[in-house]
Amino acid sequence: MNLSQTRYWNLLLHMNNGKSEIDDPRFFFAKDGKTNAKAELNATIDALFNETTYDDNSTACRFPARKAWLEQELQITNFPNVECKEYNKILDRLDPKSATLVFPSAHINSPASMFGHTFLRINSGYDSKLLSYAINYAADANPDKENGVIFAIKGLIGGYYGMYSLLPYYEKLKEYRDTEKRDIWEYDLDLNQEEVLKMVRHIWELNGTHSYYYFFTENCSYNMLWLIEIARPSIHLREYFNYQVIPLETVHAAKLENILKANNYRASKRTILLEYETLINEEYMQIPSKLINSKISIQSVVDSPSIDSQQKMYILEAAVEFLEYSFAKNEMNKDEFLELFHNLSKARASLGEGKRLDIATPPNPIESHRGVRATAGFGFRENEAIGFLGIRPAYHNLKDSNYGFLRGTQIEFMNFELSYTDDEIKVEDATILSIASIAQRSEFFDNISWRTKFGWDRNYLDNGTNFIGTVGIGLSWGNKLGYIYAMADPLFYLDGNIRSAIGTSIGIVFDKYNHMSTNFEATRRWYDTGDQQWLIELTQSLRISQNTQLQFNYTYKDRYKINNLNKEQTYKLNFNYYF
């Protein structure tokens, strides 16, 4: 039996194509253990039989998963006895019974978090899942304290170490659901107690070790896949991914491997407060924020004869939620928070029982479209038939079905589209990166919308495909029917020279229904050459199934050729397939 070549031993070493993805030398006993599974196996057995210490620093205490597996495979019963106080203490605290894959959805205003995130929750015997523990993997960096461009570059090239952490689940909920305003989806894994114990043993082995963190590949979600495969080696989750690992795609992969059971939704502070905005009467809408800022007294609300009892309850409940959100954002000190929280809660309790907040569960992200999109279409441009072919490796734009996605978010990488006629083939679009956060403003959230794009398109004055760079900012408002937005977009084009411009856009999106959406945008540009240009686009999208979509698109573009205005119009029908 060649144990060093078995799948499980290679999983324990995080071996991928003969090389471990763990970059910490403390993880290995053999000098060449990172690349030599057999040498590491022999060195591990030798270290277990020849312990030099018999406490928490012993080999058996540091590597309980390796020890348990070797005892089973080789039927070893005479490894030296050691006392693992810290490991046993953690094991008792975790009390592992089951495991859950947790997906915090996209962060509306953070480009680093628009893909979402995944981590694991180890469920104990307690009824409340809040008392469970979360296993997280993240870059050892603080994006809020580092230049955004530097953070992005270092994240792409492995400029940070990735570290595992073990934290109480309620702390992760506070971070993602309350501070970052992200809805939480929990997917219970179909793993038995022994399989979860295997996972926990290996998590302990990774304690304090590091690996290089890569934003697209060896990221937070990818490293959770190792742990699930350790629990059940017959699962092959990592094989679904080659050049990129998108968090939501790992949930899709888990579904395809049939290891997901029940799911649960936890609304974020943002979602809860937006629900209160629909319940509180318009004339009382500003009262919760005034209570938080001490501009009116709590008692004046409780005693007001003009506000009915249920509205008072909604106002005070919303004030408590907004207070917790403000405190999480460090907008007040702890003493102020505690005093106001006590007074608001006491006032709300004095009103008795009222209607419970009933937040409808939104579409499940696991039922959203997949990350890669292939496009085929046909249409007419200037009365000439024209065809279209395109591919986009990742991930989602405003015209894709937003079923299961956060409204107003877009992040695309390497979108490529060709057009062809009898006479020529043109590059219609070659986007390197396009991100948009069209965040609607409300009573509780003064969001700023923004978008950026770098790549090639055919939206310049001439008829060519030119490089564009743009970063824009604006405002957006919406309701259940849809949303509107207004943007200002400074930009530049490269057409042999550098051409700068300022663009202003107004747009409207109707997205009330899950199976269809309508997008309209009109843009006026003023170029440094003195030229002006109109760009108008209208798109009607129909969601046929989870991974298929029809799009009817009309575009109007002002073109100039030898100072003559040409009004280019294109009508096209696209079929989009996601996989």
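Residues numbered from 1 in each chain as written. Predicted model: local features only at pLDDT ≥ 70, side-chain atom pairs only at ≥ 80, totals over all residues. Heavy atoms only, no water.

Visitor: What should I look at first to understand the overall build of the protein chain in this one?
Guide: The number of helices and strands found in the protein chain is 15 helices and 22 strands. Seen along its three principal axes, the alpha-carbon backbone of the protein chain occupies a region of about 90 × 75 × 40 Å. Sequence-distant contacts, at least 24 apart, represent 62% of the contacts inside the protein chain between residues at least 6 apart. Each charge class in the protein chain was averaged separately, 62 positive and 74 negative side chains, and the resulting centres sit 1 Å apart. (Helix = DSSP H or I, 4+ residues; strand = E, 2+ residues; numbered from the N terminus. Contact = heavy atoms within 4.5 Å. Lys, Arg positive; Asp, Glu negative; His and termini not counted. Charge placed at Lys NZ, Arg CZ, Asp CG, Glu CD.)

Visitor: What should I look at first to understand the side chain of S4 in this one?
Guide: For S4, the location among the structural elements is in the segment before helix 1 (7-12). Of the polar contacts made by the side chain of S4, one reaches the side chain of N2; its length is 2.9 Å. (Polar contact = N/O pair within 3.5 Å; in protein donor to acceptor, adjacent residues only side chain to side chain.)

Visitor: Is there a simple way to explain the state of the cysteines in this structure?
Guide: Counting across every chain of the model gives 1 disulfide. In this model C61 forms its disulfide with C84; the gap between the sulfur atoms is 1.9 Å. Of note, the bridge from C61 to C84 carries an S-S torsion of about -90° and is left-handed in sense. Of this pair, C61 sits in helix 3 (residues 59-62) while C84 sits in the loop between helix 4 (64-74) and helix 5 (85-94); the two residues are 23 residues apart in sequence, bridging distant segments of the chain. Note on accessibility: C61 and C84 belong to one class, buried. (Disulfide = S-S within 2.5 Å. Buried < 20%, exposed > 50% of the residue type's maximum accessible area, 1.4 Å probe, protein only.)

Visitor: Can you walk me through unusual backbone geometry in this structure?
Guide: Trans peptide bonds make up the majority, and among non-glycine residues the majority have a negative phi. Cis rather than trans, the peptide bond between A394 and Y395 has omega equal to 10°. If you check the backbone angles, K181 has positive phi at about 60° while not being a glycine. By the secondary structure assignment, K181 is in the loop between helix 7 (169-179) and strand 7 (184-189). Non-glycine residue S294 carries a positive phi angle of around 60°.

Visitor: Would you mind going over the packing of helix 2 (residues 37-49) against helix 4 with me for this structure?
Guide: What describes two packed helices is the angle between their axes and the distance between those same axes. Running from N to C, helix 2 and helix 4 cross one another at 95°; their axes reach a closest spacing of 11 Å. In terms of axis orientation, helix 2 runs roughly perpendicular to helix 4. Along the contact surface, helix 2 presents E40, L41, T44, I45 and L48, while helix 4 presents R66, K67, W69, L70 and L74. Partitioning the contact of helix 2 with helix 4 into residue classes produces 6 nonpolar, 1 polar and 3 charged. (Axes fitted to C-alpha atoms, helices over the stretch in contact; angles between N-to-C directions. Parallel < 35°, antiparallel > 145°, perpendicular 65-115°, else oblique. Nonpolar A, V, L, I, M, F, W, Y, C, P; charged D, E, K, R; others polar.)

Visitor: For this particular structure, what's the right way to read the pattern of salt bridges?
Guide: Proximity of charged atoms lets side chains of opposite charge pair with each other. Taken as a whole, this structure holds 36 salt bridges when the rule is applied. For the salt bridge of R370 with E249, the shortest nitrogen-to-oxygen distance reads 2.7 Å. One end of the pair, R370, is in the loop between helix 15 (334-350) and strand 10 (373-381); the other, E249, is in helix 10 (residues 247-256), and 121 residues separate them in sequence. (Salt bridge = Lys/Arg side-chain N within 4 Å of Asp/Glu carboxyl O.)

Visitor: I would appreciate a short explanation of the pairing of strand 18 (residues 498-510) in the present structure.
Guide: With 13 bridges connecting them, strand 17 (residues 482-494) and strand 18 associate as antiparallel partners. Its bridge partner being in strand 18, L494 is matched across the sheet by I498. In this structure, the hairpin formed by strand 17 and strand 18 is closed by a connection of 3 residues, where G496 is found at a positive phi of approximately 105°. Of the strand pairs in this sheet, strand 18 and strand 19 (residues 516-527) are connected by 10 bridges, and their pairing is antiparallel. If you follow I506 over to strand 19, its bridge partner there is A522. Counted along the chain from strand 18 to the antiparallel partner strand 19, the turn is 5 residues long. (Pairing = 2+ DSSP bridges.)

Visitor: Mind showing me how you'd approach the packing of helix 5 against helix 8 (residues 193-205) here?
Guide: Their axes nearest at 11 Å, the elements helix 5 and helix 8 cross at an angle of 140°. By the angle class used here, helix 5 and helix 8 are oblique. Between helix 5 and helix 8 lies a crossing of right-handed hand. Between helix 5 and helix 8, the residues in contact are E86, Y87, I90, L91 and L94 and L197, V200, R201 and W204, respectively. Classifying every residue of the contact of helix 5 with helix 8 gives 7 nonpolar, no polar and 2 charged. (Left-handed = near helix turned anticlockwise from the far one by under 90°.)

Visitor: I keep staring at the pairing of strand 4 (residues 119-123) and nothing clicks. Help me out?
Guide: Side chains on a regular strand alternate between the two faces of the sheet. Burial of strand 4 is extensive: 5 of the 5 residues sit out of reach of the surface. The two faces of strand 4 match: F119, R121 and N123 on one face and L120 and I122 on the other face are all buried. Examined bridge by bridge, strand 3 (residues 98-104) and strand 4 share 5 bridges and lie antiparallel to one another. If you follow S98 over to strand 4, its bridge partner there is N123. Bridge count between strand 4 and strand 5 (residues 133-139): 3 bridges; the pairing is antiparallel. Each bridged residue has a counterpart across the sheet, and for I122 the counterpart in strand 5 is Y133.

Visitor: Got a minute to help me understand the sheet that holds strand 5 in this structure?
Guide: With antiparallel pairing, 7 strands are arranged side by side in an open sheet as 8-6-5-4-3-7-9. Either end of the sheet is taken by a strand with one partner, and the two such strands are strand 8 (210-213) and strand 9 (260-266). Averaged over all pairs of adjacent strands, the angle between strand axes in this sheet comes to 30°, irrespective of strand direction. In this structure, strand 3 lies alongside strand 7, joined through 5 bridges in antiparallel fashion. Bridged to P104 within strand 7 is I184. The strands that helix 10 touches are strand 3, strand 7 and strand 9; relative to strand 3, the one it contacts most, it runs at about 140°.

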